[in-house]
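# Commentary on secondary and tertiary structure
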There are 2 protein chains.
Amino acid sequence: MKLGSHKIISGNARVVRNVNRSVILNIIRDMEPVSRVQIAKLTGLNKSTVSSIVAALVADELIYEEESRHGNVGRNPISLRLKLGKHFVGAVNIDSARTILGIADIDGSFRDTISIATKCDEPERFVANCVTELSRLSDRLRVEHLEGIGVSVAGIVEPGSAKVTIAPNLGWEGFDIGKVLHERCGSDCVIHVDNDSKASALAELWFGKHGRTYSNFVFLSIGRGIGAGIVVEGKLLTGHYHASGEFGHITLFDGGNLCSCGNRGCWEEYASDRATIARYANLKHLNEAASRQISIQDVVDSALAGDEVSREVFAETGRFLGLGIANVIKAIDPEAIIIGGKITQVWHIIHQKMIEVVHQRTLFGKQKDVTIFPTSLPLRPELQGAAALVIKDLFSDYKIIL
Amino acid sequence: MKLGSHKIISGNARVVRNVNRSVILNIIRDMEPVSRVQIAKLTGLNKSTVSSIVAALVADELIYEEESRHGNVGRNPISLRLKLGKHFVGAVNIDSARTILGIADIDGSFRDTISIATKCDEPERFVANCVTELSRLSDRLRVEHLEGIGVSVAGIVEPGSAKVTIAPNLGWEGFDIGKVLHERCGSDCVIHVDNDSKASALAELWFGKHGRTYSNFVFLSIGRGIGAGIVVEGKLLTGHYHASGEFGHITLFDGGNLCSCGNRGCWEEYASDRATIARYANLKHLNEAASRQISIQDVVDSALAGDEVSREVFAETGRFLGLGIANVIKAIDPEAIIIGGKITQVWHIIHQKMIEVVHQRTLFGKQKDVTIFPTSLPLRPELQGAAALVIKDLFSDYKIIL
DNA sequence: TTAATAGTTGGTTGCTTTAACCAACTTATT
DNA sequence: AATAAGTTGGTTAAAGCAACCAACTATTAA
């Protein structure tokens, strides 16, 4: 155990209560509907303890009771469920082109979202404007109080101080986004800022189908670049400078294509959407002007329409993805790899080649079976992740670790 | 928080006591000498609570009181210190050529060690023999009771079931080492088995100078191959199949040298001791028979004696190390990289080139300053790590995580 | 067919236990 | 006298425990 650097958490009755409250709340979230007795069995807590904590959760309107019948002998259990429609959070995802804002319930479902153009050149004013849009949106939805605002940014973020360390695609560096937000929302407003890929991983963990099955996975976000969120034992791996999971800049080919990071042969240069588009443009013999007009969705659409060249291009993307994923597996040894991005629409095309390469490049028996699949999230994971940043805190997931 | 998969730890008075006991014990370990009041201030616990727990620790003979004077006004504090010479653990490090055994105190210092040849072809008998040697050693040292036995193995290990999944260099696969150990030591004997690089990381964390400073680091073990132990927030990152940190097999050069793992261009093939020896043999125009006789220590000695070729060879190793370390940094974003192995003897030769490459290949400002240094452990980290596996448990490092 | 009753599961109540907290106290020192 | 270190004895929060009530099904006897 390391000391000194951070806070030392010692135990007392209140901490115990918080831990147990958190454990119970998360069980309800994870397995609803569930009865008190079931919870007692799962946690090892006494029935009476569970009852007492459940009563508090009902009073806080985080859960509610529901009649139920099981048909077996004995009294029917009272089902406990998450209460929706009571607590809301604001979520903002800032990407280079567009920024999406929304109001989400505590199950990660969105009441509504809007999309605005990102104004990178005036960060303070732009972020202030985001707050205005959010409050307008919540007014429209008759949500009079937000538990907090979560922001995911396409760049490296220091969540503690709520500063954007560096966001090359936005042109931001050392931008104190937390300060602007607090100025607009009041200093007591709960604000959480983090990197978009990390937020996506969190979204998968909290709201995804897979996050409930796996607690050790890597979320790969394929877009302009390649970002990753690493989840280990249900916790996000932040990295000491909040820059873990920069797999996009791991070298695949020494001396290969020049990357924006200054090095050559980075994974991004071969498997990102930009790389896919470039290969497509090249094979289609498009001139530079024309190729700049192409979006990844165009290539996807073309592939889905049956165009051989596009399919070829995506198969190649699959191969490159596989090369990088093999490295991820060797480094982290996750239980699963979850992929997000537009290219998941052509999963059936990239999948085969990707698996093949991963299988060939990984080491041992079990590890070769690492499951790789597209995200199950219906919405932009980056936005849901922004919501998760705050909701996670509402559920205050305390843990006791052995 | 993820559920279902493992045990759900709920809180109660006993858990709180254990947490606080662990916190206090670790503070004493980390900062001795230290007084009760100091501990109370650090933890936020009440003085009386600290006193009560300290009394229990004294009764368990894990710590002792020592008179001290601070010269200031007021009563002098009573210094608390770890008590040595009372609790011992057995440690075994099994490597392809030789196996080292030792008896260690709870501060990780060894009473004595012995070295025997590893007999890979008869694993059961060999491990049984290790136990005999250990008990002979503890008899000689008049240690009548061992708190447990820790074993570090050059291969992938499943610590839960104490099985060696696969150890290519030993030729072991699916070997139930725990069973053999329990047969020889009794089923109630505490046994911990883990991978050698992971154990080394643990040794650095628990006994190294650096482990007290850093709680986010990667320990790179350079030997026949390259292994890694990843420490995140003071905890070892195991990986889902207990195979995290296989950076040695990350591809540096696509289509490069053939590696024993079946792939090409693995980091190991360029930066491991084997690779260094091969380059040395090549430059010295040695024939195959002669080059097989060379050990890394020979090359080290030659370099230390001022041989230009050897120095050249190590500088090149440094460059290759740098290439791989840059990848490690991008993946994990640690605060420090700690390197173990024979090559640390020529640190002054490899260091320069290594840093240069890392600096060139990593991404952003702060991250470029990741400190890289050789291990501070006086003994083989793998052996101290084996001891740490058990000692860690003695200190039962419970934590409450927010 | 009905009504009494045994058995079973879910949940609550009131008392006990544990261990942290608190405030007043003793001890030792300048 | 002032002050810091550590102890004591009582208080409090929360979990554990055991007995109980509640609600339901299955069985059986009139």
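Quick look at the overall build of chain A now. Along its length, chain A carries 14 helices and 16 strands. Rg of the C-alpha trace for chain A: 23 Å, near the compact-globule value of 21 Å for 402 residues, within the 12% margin. Oriented by its inertia axes, the alpha-carbon framework of chain A measures out at about 70 × 55 × 50 Å. Scored against the burial criterion, the 402 residues of chain A give a buried share of 57%. Counting only contacts in chain A whose residues sit at least 6 apart along the sequence, the fraction spanning at least 24 positions is 62%. Distance from the positive charge centre (45 side chains) to the negative charge centre (46 side chains) of chain A: 4 Å.

Let us now look at the protein's contact with DNA strand D. Lining the immediate surroundings of DNA strand D are 29 residues, of which Arg 17 and Ser 48 of chain A together with Lys 47, Ser 51 and Ile 78 of chain B lie closest. Protein-proximal atoms of DNA strand D, defined as those within 4 Å of the protein, fall in sugar or phosphate at a share of 68%. Measuring from a phosphate oxygen of DNA strand D, one finds a side-chain N or O atom of Asn 20 of chain A at 3.1 Å. Ile 78 of chain B is positioned such that a nitrogen or oxygen atom in its backbone is 2.4 Å from a phosphate oxygen of DNA strand D. Listing elements by their share of the surface near DNA strand D, those giving two or more residues are α1 (13–31) and α3 (47–59) of chain A together with α2 (36–43) and α3 (47–59) of chain B. Broken down by element, the residue count for the surface near DNA strand D peaks at four residues, all from α1 of chain A.

The subject of this paragraph is the relation of the copies chain B and chain A. Copies of the same chain, two in number, are related to each other by a rotation about an axis and a translation along it. Mapping chain B onto chain A is achieved by rotating through 180 degrees and translating by 0.1 Å along the same axis, at an RMSD of 0.1 Å. Such values leave the two copies arranged in the relation of a two-fold axis. Minimal C-alpha separation from the rotation axis in chain B is found for Ile 400 of chain B, amounting to 2.2 Å. Both copies share a contact surface, since 99% of the interface residues of chain B are interface residues in chain A too.

With that settled, the discussion passes to the sheet that holds strand β9 (residues 172–175) of chain B. Residue and element names in this part refer to chain B. Strand order in the open sheet made by the three strands is β7-β8-β9, with antiparallel pairing throughout. Pairing within the sheet leaves two strands with one partner each, and these edge strands are β7 (156–158) and β9. This sheet shows a mean twist of 20 degrees between the axes of neighbouring strands, independent of strand direction. In terms of strand pairing, strand β8 (residues 163–167) meets β9 through three bridges, oriented antiparallel. Paired with Ala 167 across the two strands is Trp 172, which belongs to β9.

Attention now moves to the packing of aromatic side chains. All names here are of chain B. On inspection of all chains with the given rule, the structure shows 12 aromatic pairs over all chains. Consider the rings of Trp 172 and Phe 175, whose centres lie 5.0 Å apart with planes at 75 degrees: the pair is edge-to-face. The class of Trp 172 is buried, set by a relative accessible area of 3%. For Phe 175, a relative accessible area of 7% translates into the label buried.

How each quantity is defined
- Residues numbered from 1 in each chain as written.
- Chains lettered and ligands numbered in written order.
- Predicted model: local features only at pLDDT ≥ 70, side-chain atom pairs only at ≥ 80, totals over all residues.
- Heavy atoms only, no water.
- Helix = DSSP H or I, 4+ residues; strand = E, 2+ residues; numbered from the N terminus.
- Rg over C-alpha atoms; globule rule 2.2 N^0.38 Å.
- Buried < 20%, exposed > 50% of the residue type's maximum accessible area, 1.4 Å probe, protein only.
- Contact = heavy atoms within 4.5 Å.
- Lys, Arg positive; Asp, Glu negative; His and termini not counted.
- Charge placed at Lys NZ, Arg CZ, Asp CG, Glu CD.
- Near = heavy atom within 4 Å.
- Polar contact = N/O pair within 3.5 Å; in protein donor to acceptor, adjacent residues only side chain to side chain.
- Least-squares fit on C-alpha atoms with pLDDT ≥ 70 in both.
- Pairing = 2+ DSSP bridges.
- Axes fitted to C-alpha atoms, helices over the stretch in contact; angles between N-to-C directions.
- Phe/Tyr/Trp six-rings, centres within 6.5 Å; stacked < 30°, edge-to-face > 60°.

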